[in-house]
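Listed below are the residues making up each chain.
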Amino acid sequence: MLLVQKFGGTSVGTIERISNVARRVAEAKSKGNDVVVVASAMAGETNRLIDLAKSCVTEPDPRELDVLISTGEQVSTALLAMKLTSMGYKARSLQNHQVRLVTDSTFTKAHIKRIDAQKLRNVLKDGSIAIVAGFQGIDEQGDITTLGRGGSDTTAVAIAAALKPYVKSGLVCEIYTDVDGVYTADPNIVPQAKKLKRITFEEMFELASSGAKVLQTRSVLFGMKFDIPIHVRSSFNDSEGTMVVSETNDMESVVVTGISQDKNEAKITVLHVSDRPGIAHSIFAPLAEAEIIVDMIIQSASSQGFTDMSFTVPRGDYKRAMQILQELVNQKKATYVTGDEKIAKVSVVGVGMRTHSGVAAKMFKALADAKINIQMISTSEIKVSVVVNESDMKKAVEVLHKEFELGIER
Ligand code: ADP
Ligand code: ASP
Ligand code: MG
């Protein structure tokens, strides 16, 4: 069996924890498995490096930022390999250029293009444990890139996908983290949240893309595309964890599976733009050019040939987006741009929504009863999201968790 075991920052946060991880990896290897480990940087290290860059210059150059922040994973992989070697195991740390995990050149949020499976296969064939640095890649020019925050999850699932064609006896990608699995809501926000035994790729995708950082969204996409069994579990105990799986028929009986929250967006409203063909393009094209991802979009009803347009952008891109849109005002294409950084998005997710109606109505009523004002709404086939004031976020998640009876054991 091939096990790809990914350990998050907290799991490798201290030397003692690295020793624990080494014991877990050694055990998997001793049972006769091939083991590829993907390690994150030690807890807090990536943040420390980002702060260091920002204390040097206000807007660090993305290429240089990636050179800097990719070093965290170099440290943890080397320490883990040392530990395993000292325990008598053959282990080798591998960085981006050695694995040849090739990405595009979008520094700080690069996309994986391909992985050289041969290199990893050679290490495994030699009986060694491959310890791969998560989060980092290399572009076609040989420059260091990173995959976006939480990117080690994606490294792990992508490696599992790259090795899958060569595996004869089973493959699992294990994501070891600081919670026991995927819960009905972030257990650090809702103490009553329940661990899910399994969740579909689609639900996990919607939860991850709307703020549940337990898995990086792109790792779920890789899992879905290449059908990689993903097992989310704790590195601190042997509790059974959560399997991310393809949908089965019985799953639609549960209407809402989980709730997520996201404080990483900001709301922008462009006021009084003329309501004519091409106007949306003139607002969103410059944002797209600046690689700013726009989420929920609402256009208000037109009045006397004019309309207002509200949408959300990642909070980190807020200031740049406001500058870009101010240009529209300067060009007299809009009268005013206003924004709010203190918002939060709360989403309820479940594949059962496909066959059950009334989820949105129930959600809005519960929020109204709790006197929480909804600023924006968006829906997809299996998700309803609302934007609320950031100060209402926690209460909204708790109220909805209760409303949809997610704290009840099933
Ligand atoms: P790692 O460093 O191991 O990658 P992360 O901090 O990225 O860990 O992800 C784990 C965290 O995800 C948990 O500590 C938890 O606060 C958060 N989280 C958010 N939503 C959920 C959820 N539905 N289930 C479990 N954890 C969640
Ligand atoms: N170290 C990186 C981060 O903190 C990648 C990861 O942990 O997955 O975002
Ligand atoms: Mg993570």
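Residues numbered from 1 in each chain as written. Chains lettered and ligands numbered in written order. Predicted model: local features only at pLDDT ≥ 70, side-chain atom pairs only at ≥ 80, totals over all residues. Heavy atoms only, no water.

Draft legend 1. Quick look at the site of ligand 1. Taken together, 17 residues are adjacent to ligand 1, and T177, D178, Y183, D186 and N188 come closest. Within the side chain of K6, an N or O atom sits 3.0 Å from an oxygen atom of ligand 1. Contact distances for ligand 1 include 3.3 Å between an oxygen atom and a side-chain N or O atom of K213. The class makeup of the residues in the shell around ligand 1 is 8 nonpolar, 5 polar and 4 charged. (Near = heavy atom within 4 Å. Polar contact = N/O pair within 3.5 Å; in protein donor to acceptor, adjacent residues only side chain to side chain. Nonpolar A, V, L, I, M, F, W, Y, C, P; charged D, E, K, R; others polar.)

Draft legend 2. Main features of helix α7 (residues 152-163). Counted at 1.5 Å a residue, the expected span for α7 with its 12 residues is 16 Å, and the 17 Å between its end C-alpha atoms agrees. Across the 12 residues that make up α7, a large majority, 12, are buried. Those residues of α7 that sit buried are S152, D153, T154, T155, A156, V157, A158, I159, A160, A161, A162 and L163. (Helix = DSSP H or I, 4+ residues; strand = E, 2+ residues; numbered from the N terminus. Expected span 1.5 Å × (residues − 1). Buried < 20%, exposed > 50% of the residue type's maximum accessible area, 1.4 Å probe, protein only.)

Draft legend 3. Quick peek at the packing of aromatic side chains. The final tally for this structure, using the stated rule, is 3 aromatic pairs. Plain terms: the ring middles of F284 and F311 are 4.9 Å apart, the flat faces sit at 75° to each other, and that makes the pair edge-to-face. In this pair, F284 is assigned in helix α10 (residues 279-289) and F311 in strand β16 (residues 306-314), connecting sequence segments 27 residues apart. Each member of the pair, F284 as well as F311, is classed as buried. (Phe/Tyr/Trp six-rings, centres within 6.5 Å; stacked < 30°, edge-to-face > 60°.)

Draft legend 4. Molecular detail of the site of ligand 2. In the vicinity of ligand 2, the contacting residues are S40, A41, T46, E73, F135, R149, G150, G151 and S152. Within the side chain of S40, one N or O atom sits 3.2 Å away from an oxygen atom of ligand 2. Between ligand 2 and G150, the relevant distance is 2.9 Å, taken from an oxygen atom to a main-chain nitrogen or oxygen of the residue. Its free accessible area being 260 Å², ligand 2 has 87% of it covered by the protein chains. Tallied by class, the residues present in the shell around ligand 2 amount to 2 nonpolar, 5 polar and 2 charged. (Areas by Shrake-Rupley, 256 points an atom, 1.4 Å probe, with all protein chains shown as cover.)

Draft legend 5. Just unusual backbone geometry, in detail. Positive phi, close to 80°, is recorded for F135, a residue that is not glycine. Mapped onto the secondary structure, F135 falls in the loop between β6 (129-133) and β7 (136-138). Among the residues examined, F135 registers a relative accessible area of 3% and is labelled buried. For Q304, which is not a glycine, the phi torsion comes out positive at approximately 50°.

Draft legend 6. Structural view of the sheet that holds strand β14 (residues 265-274). Taken in spatial order, the 4 strands of this open sheet run β15-β16-β14-β17, and their pairing is antiparallel. Strands at the two margins of the open sheet, each flanked by one partner only, are β15 (297-299) and β17 (336-340). Across the sheet, the axes of successive neighbouring strands diverge by a mean angle of 15°, strand direction being ignored. Relative to β16, β15 is paired through 3 bridges, and the arrangement is antiparallel. By the bridge assignment, Q299 is partnered in β16 with M309. Packing against the sheet, α10 makes contact with β14, β15 and β16, and its axis sits at approximately 20° to β16. Running over the sheet, helix α11 (residues 318-330) touches β14, β16 and β17 and is turned about 165° from β17. (Pairing = 2+ DSSP bridges. Axes fitted to C-alpha atoms, helices over the stretch in contact; angles between N-to-C directions. Contact = heavy atoms within 4.5 Å.)

Draft legend 7. Quick peek at the packing of α7 against helix α9 (residues 217-226). The geometry of α7 relative to α9 is characterised by a closest axis approach of 8 Å and an angle of 15° between their N-to-C directions. Between α7 and α9, the crossing angle belongs to the class labelled roughly parallel. Between α7 and α9 lies a crossing of left-handed hand. For the pair α7 and α9, the contacting residues are D153, T154, V157, A158 and A161 in the first and R218, S219, F222, G223 and F226 in the second. (Parallel < 35°, antiparallel > 145°, perpendicular 65-115°, else oblique. Left-handed = near helix turned anticlockwise from the far one by under 90°.)

Draft legend 8. Seen up close, the pattern of salt bridges. By the definition in use, this model includes 22 salt bridges. Salt-bridge contacts for K31 lead to E27; the nearest nitrogen and oxygen are separated by 3.2 Å. Take K31: its relative accessible area is 63%, and that puts it in the exposed class. Close ionic contact of K90 with D126 constitutes a salt bridge, the shortest N to O distance being 3.3 Å. Of this pair, K90 sits in the loop between α4 (71-86) and β3 (91-94) while D126 sits in the loop between α6 (117-125) and β6, and the two are 36 residues apart along the sequence. Classification of K90 by relative accessible area gives partly exposed; the value is 46%. One network of salt bridges, in which partners are shared, links E202, E247, R354 and E381. (Salt bridge = Lys/Arg side-chain N within 4 Å of Asp/Glu carboxyl O.)

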